[in-house]
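Listed here are the chains, written in short residue letters.
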Amino acid sequence: MRMWLVDPRLMCRRHLLGEHVELHMLAGCLRRGKRIGGYLKGLVDPALIACRHEQLVREMSFRGFSHRSPIDSPGCLEPAASISPERNLAELRRRCPACASIAAPPVES
Ligand SMILES: [Zn+2]
Ligand SMILES: [Zn+2]
């Protein structure tokens, strides 16, 4: 499980949908009281689940995907680790040709 936390517009379909599915998995794990210690080392941040889900769903509906799975986020249960969206974006673009082919949108002021 991994939250990339990069601008959803810069993610290819596979990574956008993938992170969305993983958010639901993560929320499920937390709900069941599963330990996610290993993922807290810079991979996920439980405190951001609800807001990140919102962002991804917005981009998904913009791209025409329907979404019928409200997320049940238990809120922040464990201390969050620091995730670097900049580093993650660089990694995505290095790993995934589809992500790399998306031109960065103009920076919003
Ligand atoms: Zn969802
Ligand atoms: Zn990708």
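Above: the structure in question.
Report follows, based on the coordinates. Everything numeric here is computed off the predicted structure, so don't read it as measured data. (Residues numbered from 1 in each chain as written. Chains lettered and ligands numbered in written order. Predicted model: local features only at pLDDT ≥ 70, side-chain atom pairs only at ≥ 80, totals over all residues. Heavy atoms only, no water.)

Another point: the overall build of the protein. From N to C terminus, the protein includes four helices and zero strands. Each helix and strand of the protein, placed in order from N terminus to C terminus, yields the pattern α-α-α-α. Within the protein, buried positions represent 39% of all 109 residues. Summing over all exposed atoms, the protein offers an accessible surface of approximately 6,500 Å²; the carbon and sulfur share of this is 55%. (Helix = DSSP H or I, 4+ residues; strand = E, 2+ residues; numbered from the N terminus. Buried < 20%, exposed > 50% of the residue type's maximum accessible area, 1.4 Å probe, protein only. Areas by Shrake-Rupley, 256 points an atom, 1.4 Å probe, with all protein chains shown as cover.)

Now for unusual backbone geometry. Positioned with a positive phi, Leu-5 is a non-glycine residue whose angle comes to about 60 degrees. Tracing the sequence through the fold places Leu-5 in the segment before helix H1 (13-31).

What follows concerns the side chain of Ser-84. The residue Ser-84 is located in the loop between helix H2 (49-62) and helix H3 (85-95) in this model. We classify Ser-84 as buried; its relative accessible area is 18%. Here Arg-87 takes part through its backbone nitrogen, which lies 3.0 Å from a polar atom of the side chain of Ser-84. (Polar contact = N/O pair within 3.5 Å; in protein donor to acceptor, adjacent residues only side chain to side chain.)

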